[in-house]
Amino acid sequence: MENVGVCDEFVNLKATELRLGLPGTEDEKQKVSCGKSNKRALPETEKDIESTGKTETASPPKAQIVGWPPVRSYRKNSIQTKKNEAEGQGMYVKVSMDGAPYLRKIDLTMYKQYPELMKSLENMFKFSVGEYFEREGYKGSDFVPTYEDKDGDWMLVGDVPWEMFVSSCKRLRIMKGSEAKGLGCGV
Amino acid sequence: MNYFPDEVIEHIFDFISSHKDRNSISLVSKSWHKIERCSRKSVFIGNCYAINPERLIQRFPSLRSLTLKGKPHFADFNLVPHEWGGFVHPWIVALAKARVELEELRLKRMVVSDESLELLSRSFASFKSLVLVSCEGFTTDGLASVAANCRHLRELDLQENEIDDHRGQWLNCFPESSTALTSLNFSCLKGETNLAALERLVARSPNLESLKVNRAVPLDALTRLMSCAPQLVDLGVGSYENEPDQESFMKLMAAIKKCTELRSLSGFSEVAPLCLTAFYPICQNLTSLNLSYAAEIQGNHLIRFIQFCKRLQRLWILDSIGDKGLEVVASTCKELQELRVFPSDLHDEEDNDTAVTEIGLVAISAGCPKLHSILYFCKQMTNAALITVAKNCPNFIRFRLCILEPNKPDHTTSQSLDEGFGAIVQACKGLRRLSLSGLLTDKVFLYIGMYAEQLEMLSIAFAGDTDKGMLYVLNGCKKMRKLEIRDSPFGNTALLADVDKYRTMRSLWMSSCEVTLGGCKRLARNAPWLNVEIINENENNDLMMERNEEDEREKVDRLYLYRTVVGARKDAPPCVTIL
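What comes next concerns the included structure. (Residues numbered from 1 in each chain as written. Chains lettered and ligands numbered in written order. Predicted model: local features only at pLDDT ≥ 70, side-chain atom pairs only at ≥ 80, totals over all residues. Heavy atoms only, no water.)

Some thoughts on the overall build of chain A
Spelled out, the test is: Note on conventions: DSSP H or I runs of at least 4 residues are helices, E runs of at least 2 residues are strands, and numbering of each starts at the N terminus. Pairs of residues are marked as contacts when any of their non-hydrogen atoms sit within 4.5 Å. Under the convention used here, a 1.4 Å probe and the Shrake-Rupley method define accessible areas, while residue burial counts only the protein chains that appear.
The secondary structure content of chain A amounts to six helices and seven strands. Going from the N terminus to the C terminus, chain A shows its helices and strands as α-α-α-β-β-α-β-β-β-β-α-β-α. Contacts in chain A between residues far apart in sequence, at least 24 positions, make up 51% of those at least 6 positions apart. Carbon and sulfur atoms make up 53% of the accessible area of chain A, which totals about 10500 Å².

If you want it as structure tokens, here you go:
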């Protein structure tokens, strides 16, 4: 898991070792706790790890301590979302449609919610996606928008909150026909 | 007083509303206790596990307003497992069963379910006010029940909750007959709302004073909302990334100009600079401003805005305002009482020259004589600055300083910040809340124990050298109620020195310290009126209890203890062991 890998990295970074007591005293035990965070923390810490990854070449990333700085999750999340957007790199993902000869690429950060994304896809590929129902999936069309998430699973677009979708979507695929039915109709 | 009939005494008690005072009254005599408890309308419970709902209802049969707090404060920073507890459901069930005529419910850090909200909405015919702060576990479906069933609802205030937004039609669920709303805050909802329903609701609520919308309410909708509610006193706006066109801008400004009662402004999760200027006409009336979510706004735009806000009493801002910006605040906002400066860069990744330092803090202390509460995130601090701040502002009630890098010393002398914080506690005789940071030895705790006589809440992180530190605090601070410590070398000696001290405190939190399982067990044995909780996510209850002698020396990851009259709670998850 990513967290364990990051922990190993931290143990090796003398520069960021935390010490208790005044500088110049004997080396105390290191008190960096990481990877123990509960499920709620995971999306944040994963994002943190991604952002430190980028600065690796510049300078050693500071040790990321659980719960520090003491900023509420609500606030932390909104800063992180802002950072991802402001990075300017956008979040480009490939979009394929069954039967179409070539793929397209879209920047997920250009959209605020699902309806905007759907409209854009419909325009791009000239199709209609039908109506989304929480239990039954998409109805009224042969086309079903799906995406591959971080774990490599194929998911139905629209099931998870928008922010979660943007941070976990690796690519999009608009399924058509019989294959679509399996996913689209209440698994 | 013995010669007055009970009704007269009760009438006199009606004038006394503070919880502290009413608690004191109830201790005077049996008859006063009885009169007080029968007439008490509003109860505050700082720890929902200190008492149970049945006993509460028994003691206060006329209960109308209840405030409950659940998870410990450090839950805000992901230090408490998600499933720890703090469920409101049993409370609502008990209150409903006893037919309490509940009118107000305020919850902080509690787990609320849609089922709870549904039961709440159906059980209390006079229910008027629901305030949820940092809660979780519910969805917009729960809100729909409240909207639909609470016919006399006046206040629905949702602050920083984790709400699953089903993007449904909960706003539609307010019946057409609902016209009593005075306060509506749904700023923490992430999804889109039914704008038409919102506009209709606002239009039919002439008493609406406080409206805080979420990010998904666009500018033209905001303009329409303000136009039909010019009586607003407190406004939270959405997210306005793009510059408005000329027409939209003029309409917005016209609507804002009409809101002459507006005193408090917040929201702005993104705001284009031009948008901000539309609010200039009402700046001079503002007493409260929260721009702490507007990350992209540069310091100079913030400064220009604040220059108009001469009556500001409360300001929440990001550190992008810089020392220069704080100097402007100091020279403009002479009525300032509360300041919070939040970090815009959490991991010190950027070489940020514009963030705030000790210079900004000193400027504020010099310029704002009424300042009594501060929360300040910064990258560096000096003892000299803190000593100056203490001299300038002896009236602090709350002083929370967070230097982003743990253990960071005075950056000019490389010494610890003991003297700086010592000066603060010595000068600020009324200090009730203190958060420490930076490099600190046992000495700072000596000062705290010696001088901080009114201190009720102390937050310690990465500080101290030995148990002496914690002992100074426990022995010296007679009014201590909440003590929370993380990553500091305090152990069993300090924990066990004075067990009776915990009778006078609400709770103690210690994580990543030196206390051992054996020490905690000993404490639990000596203090049966305490719940001593060990939180360890990698274990479960059974393994914990089977530990042999050797394991007693093992350090406890997280310890949370609190006084209680109802013994060990029964809803603890596997990762929590109650000794």
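Things to note about the overall build of chain B
For clarity, the threshold we go by: For the radius of gyration, the atom set is restricted to C-alpha positions; the globular benchmark scales as 2.2 Å times the number of residues to the power 0.38. Relative accessibility decides the category of a residue: with a 1.4 Å probe and only protein chains considered, values under 20% of the type maximum give buried, values over 50% give exposed, and everything between is partly exposed.
Within chain B, the regular secondary structure consists of 22 helices and 23 strands. In terms of overall dimensions, chain B is globule-like: its C-alpha atoms have a radius of gyration of 25 Å, near the 25 Å expected for 579 residues. Taken over the C-alpha atoms alone, chain B extends approximately 75 × 65 × 55 Å along its principal axes. Classification of the 579 residues of chain B by burial places 58% in the buried group.

Some words on the sheet that holds strand β7 (residues 169-176) of chain A
Residue and element names in this part refer to chain A. Put simply, the test is: Two strands make a pair as long as DSSP finds a minimum of two bridges between them. To get an axis, fit a line to the C-alpha atoms, keeping to the stretch in contact for a helix; angles then go from 0 to 180 degrees between the N-to-C directions.
Taken in spatial order, the five strands of this open sheet run β2-β1-β7-β5-β6, and their pairing is mixed. The sheet is open, and its two edges are formed by β2 (104-107) and β6 (154-156), each paired on a single side. Along the sheet, successive strands turn relative to each other by an average axial angle of 30 degrees, direction set aside. Against the sheet, helix α4 (residues 114-125) makes contact with β1 (92-97), β2, β5 (143-149) and β7, and its axis sits at roughly 155 degrees relative to β2, the strand it touches most.

With respect to a negative patch on the surface
Heads up, the rule is: Like-charged residues are merged into a patch within 9 Å and nonpolar side chains (Val, Leu, Ile, Met, Phe, Trp, Tyr) within 5 Å, provided each residue has over 30% relative accessible area and no salt bridge. Within this document, salt bridges are pairs made up of a side-chain nitrogen of Lys or Arg and a carboxyl oxygen of Asp or Glu, the two lying within 4 Å of each other. Asp and Glu count as negative and Lys and Arg as positive, but His and the ends of the chain are not part of the count. Where a charge sits is defined by one atom per residue type, namely NZ (Lys), CZ (Arg), CG (Asp) or CD (Glu).
A contiguous patch of negative charge on the surface is contributed by A:Glu134, A:Asp159, B:Asp141 and B:Asp164. Residue placement: A:Glu134 occurs in the loop between β3 (131-133) and β4 (137-139). Its relative accessible area of 55% is what places A:Glu134 among the exposed residues.

Overview of the nonpolar core
Where we set the bar: The set of buried Ala, Val, Leu, Ile, Met, Phe, Trp, Tyr and Cys residues whose side-chain atoms join them within 4.5 Å is what this entry labels a nonpolar core.
Ranked by size, the top nonpolar core spans 181 residues in total, and within it B:Leu184, B:Leu265, B:Phe399, B:Ile448, B:Leu495 and B:Tyr502 carry the most contacts. The residues touching B:Leu265, leaving out its near neighbours within four places in the chain, are B:Leu235, B:Val237, B:Phe279, B:Ile282, B:Leu286, B:Ser288, B:Leu289, B:Asn290 and B:Phe305. The next biggest cluster of nonpolar side chains, apart from the first, holds 26 residues, and it includes A:Met97, A:Val129, A:Val160 and A:Trp162.

Focus on the packing of aromatic side chains
Two numbers describe a pair of aromatic rings. These are the distance of the centres and the angle of the planes. Cut-off, in case you're wondering: Here the aromatic set is Phe, Tyr and Trp, taking the six-membered ring for Trp, and pairing holds for ring centres within 6.5 Å; pairs whose planes are under 30 degrees apart are stacked, those over 60 apart are edge-to-face, and all others are tilted. Criterion for a charge above a ring: Arg CZ or Lys NZ at most 6 Å from the ring centre, at most 35 degrees from the ring normal.
Scanning all chains against the criterion turns up 25 aromatic pairs over all chains. Their ring planes at 55 degrees and their centres at 5.1 Å tell us that A:Phe127 and A:Phe143 sit as a pair that is tilted. Here the residue A:Phe127 occupies a position in the loop between α4 and β3, and A:Phe143 occupies one in strand β5, the gap between them amounting to 16 residues. Taken individually, A:Phe127 and A:Phe143 each receive the classification buried, so the pair is uniform in this respect. Between the aromatic rings of B:Trp316 and B:Phe342, the centroid separation amounts to 5.8 Å while the plane-to-plane angle is 55 degrees, which identifies the pairing as tilted. Of this pair, B:Trp316 sits in strand β13 (residues 314-318) while B:Phe342 sits in strand β14 (residues 338-342), and the two are 26 residues apart along the sequence. Looking at B:Trp316, the relative accessible area reads 16%, which means it is buried. An aromatic cluster is defined as three or more aromatic residues linked by ring pairs; in this entry it consists of B:Tyr49, B:Phe74, B:Phe77, B:Trp84, B:Trp509, B:Tyr560 and B:Tyr562. One Lys or Arg, A:Lys139, reaches over the ring of A:Phe133 and ends 5.9 Å from the middle of that ring. Its end group placed over the ring of B:Tyr49, B:Arg569 keeps NZ or CZ at 4.5 Å from the ring centre.

Nothing here speaks to function; it is all geometry.
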